[in-house]
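One-letter residues, chain by chain:
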Amino acid sequence: ALAALAATLALGSCGSGAGGGHGSVDVLYAGSMEHLMEDVIGPAFSSATGYTYQGYGAGSDELVSDIRDGVRRADVFVSASPASDLALEGAARGSWVSWYATFATAPLVIGYNPSSRFARDFRTEPWYEVVTRPGILVGRTDPLLDPKGKLTAEAIQQAASRLRDPALTRALPGWQVFPEQTLVGRLEAGQLDAGFFYSFEATAQRIPTVPLTPVTLGATFTVTVVNRAPDPAGAQAFAAYLLGPSGRSQLRAQGVRVQTATLSGPIAAVPDALRPLVGGGG
């Protein structure tokens, strides 16, 4: 029943008839999902519905500021942390978000350039010893703009504590900070020896990785229809596609850990047609 509902919504029934969606749907998404959104989900959604997909990726917390300040138009917000949604909830924060659905997770890992002079070390030695070596170039994202940057700092602090290795915390400030959507490219271009990524980012680009043992941290991905969305019908259609069988299958094929969507917030705030897809009944 849910599959049939998602298919119906994704075919444009939210606005202009099956297969006849029109207009542009503006999706702001966590920059780690750039490949997924621009090369997989976005084109497939447009093909299935007739809506024009317009995506923009950046650090989730950076997007929060863009939405609050009116810098970017947003119909849908896909974040890498529930905290980003919470930063848009309530009258004091503009009441841009009233609910969100958690739909996937991804572990944080270290990806390394296979041509790096440190590549063999990553394959044969503990990661926490390699990243503190003199001369190694490690990239991360800004913890003020991006949940991945926060997770990276937290992972290093946890590892330093558990391993009793203060060299890790000393190394962290010296690692280079880049926008989330450029980190993969810099690693592939040889500008970095290693960087902190979500597992599916590395999988998509065939970047070798090592787990952050003994630490296990990762992203929690959410989606919501933004309040006062310029195209609420298109926004609902996109959310339905992402949470429906086609979107879930495409995410899974790209290495994302898809889970049953769970709702945070009042069910009354969720558009009627989306409620069954976020665990809110029919």
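Residues numbered from 1 in each chain as written. Predicted model: local features only at pLDDT ≥ 70, side-chain atom pairs only at ≥ 80, totals over all residues. Heavy atoms only, no water.

Asker: Report on the overall build of the protein, specifying residues and quantitative values.
Answerer: Assigned secondary structure in the protein consists of 12 helices and 10 strands. Over its C-alpha atoms the protein spans a radius of gyration of 20 Å, differing by no more than 12% from the 19 Å that the globule rule assigns to 282 residues. Summarising its shape, the C-alpha atoms of the protein cover approximately 60 × 40 × 30 Å along the three principal directions. The buried share of the protein, taken over its 282 residues, is 50%. Per element, the accessible surface of the protein, about 11,500 Å² overall, is 51% carbon and sulfur. The distance from the centre of the 21 positive side-chain charges to the centre of the 24 negative ones in the protein is 6 Å. (Helix = DSSP H or I, 4+ residues; strand = E, 2+ residues; numbered from the N terminus. Rg over C-alpha atoms; globule rule 2.2 N^0.38 Å. Buried < 20%, exposed > 50% of the residue type's maximum accessible area, 1.4 Å probe, protein only. Areas by Shrake-Rupley, 256 points an atom, 1.4 Å probe, with all protein chains shown as cover. Lys, Arg positive; Asp, Glu negative; His and termini not counted. Charge placed at Lys NZ, Arg CZ, Asp CG, Glu CD.)

Asker: Give me the lowdown on the environment of Trp 99, citing residues and values where you can.
Answerer: Inspection of the secondary structure assignment puts Trp 99 in the loop between α4 (82–86) and β4 (100–112). Owing to a relative accessible area of 2%, Trp 99 belongs among the buried residues under this scheme. Apart from the residues within four sequence positions on either side, Trp 99 is in contact with Glu 89, Val 223, Thr 224, Val 225, Leu 263, Ser 264, Gly 265, Ala 269, Val 270, Pro 271, Leu 274 and Val 278. (Contact = heavy atoms within 4.5 Å.)

Asker: Give a description of the nonpolar core that names residues and reports values.
Answerer: Counting residues in hydrophobic clusters, the biggest one holds 70 residues, and the most contacted among them are Met 33, Val 78, Phe 103, Phe 122, Phe 221 and Phe 238. Sorting elements by how many residues they give to this core places helix α11 (residues 232–243) first, with 9 residues. Setting aside its immediate chain neighbours within four residues, Phe 122 contacts Ile 110, Tyr 112, Val 130, Val 131, Ile 136, Ala 194 and Val 210. In this structure, Leu 28, Val 64, Ala 87 and Trp 96 belong to the second largest nonpolar core, which totals 12 residues. (Core = buried A, V, L, I, M, F, W, Y, C linked by side-chain atoms within 4.5 Å.)

Asker: Describe unusual backbone geometry, with residues and values.
Answerer: The omega angle of the peptide bond from Thr 213 to Pro 214 is 15 degrees, so this bond is cis rather than trans. Inspection of the secondary structure assignment puts Pro 214 in the loop between β8 (209–211) and β9 (218–225). Even without being a glycine, Arg 228 presents a positive backbone phi close to 65 degrees. Positionally, Arg 228 belongs in the loop between β9 and α11.

Asker: With reference to specific residues and values, describe the packing of aromatic side chains.
Answerer: In this structure the tally under the stated criterion is 10 aromatic pairs. Aromatic pair Tyr 53 and Phe 238: ring centres 6.1 Å apart, planes at 20 degrees, arrangement stacked. Taken together, the residues span a long stretch of sequence, with Tyr 53 in strand β2 (residues 52–58) and Phe 238 in helix α11 at a distance of 185 residues. Here the aromatic residues Phe 45, Tyr 51, Tyr 53, Phe 238 and Tyr 241 are joined through ring pairs into a cluster of three or more. Lying over the aromatic face of Tyr 56, Arg 72 brings its terminal NZ or CZ to 3.4 Å of the ring centre. Over the face of the ring belonging to Tyr 198 we find Lys 148, whose NZ or CZ atom lies 5.0 Å from the ring centre. (Phe/Tyr/Trp six-rings, centres within 6.5 Å; stacked < 30°, edge-to-face > 60°. Lys NZ or Arg CZ within 6 Å of the ring centre and 35° of its normal.)

Asker: Residues and numbers for α11, please.
Answerer: With 12 residues, α11 should cover 16 Å at 1.5 Å per step; its first-to-last C-alpha distance of 16 Å lies within 8% of that length. Most of α11 is tucked away, with 11 of its 12 residues classed as buried. Along α11, the residues that are buried comprise Ala 233, Gly 234, Ala 235, Gln 236, Ala 237, Phe 238, Ala 239, Ala 240, Tyr 241, Leu 242 and Leu 243. (Expected span 1.5 Å × (residues − 1).)

Asker: Describe helix α9 (residues 180–188), listing the residues and the values that go with them.
Answerer: Among the residues of α9, Glu 180, Leu 183, Val 184 and Leu 187 are the ones counted as buried. Projected onto a plane normal to the axis of α9, the buried residues spread over an arc of 90 degrees and lie on a single side. Phi turns positive one or two residues past the end of α9, at Gly 190, with a value near 85 degrees. (Arc of directions from axis to C-beta.)

Asker: So what's going on with the packing of helix α2 (residues 34–49) against α11? Residues and values would help.
Answerer: For the pair α2 and α11, interaxial distance at closest approach is 10 Å and the crossing angle is 115 degrees. Note that α2 runs across α11; the crossing there is right-handed. Every residue of α11 that contacts α2 at Met 37, Ile 41, Ala 44, Phe 45 and Ala 48 is listed here: Gly 234, Ala 237, Phe 238, Tyr 241 and Leu 242. Residue composition of the contact of α2 with α11, by class: 9 nonpolar, 1 polar and no charged. (Axes fitted to C-alpha atoms, helices over the stretch in contact; angles between N-to-C directions. Left-handed = near helix turned anticlockwise from the far one by under 90°. Nonpolar A, V, L, I, M, F, W, Y, C, P; charged D, E, K, R; others polar.)

Asker: Talk me through the pattern of salt bridges; I want residue IDs and the actual numbers.
Answerer: Scanning the entire structure with this criterion turns up 9 salt bridges. Residue Asp 272 pairs with Arg 275 through a salt bridge whose shortest N-O separation is 3.1 Å. The class of Asp 272 is exposed, set by a relative accessible area of 57%. (Salt bridge = Lys/Arg side-chain N within 4 Å of Asp/Glu carboxyl O.)

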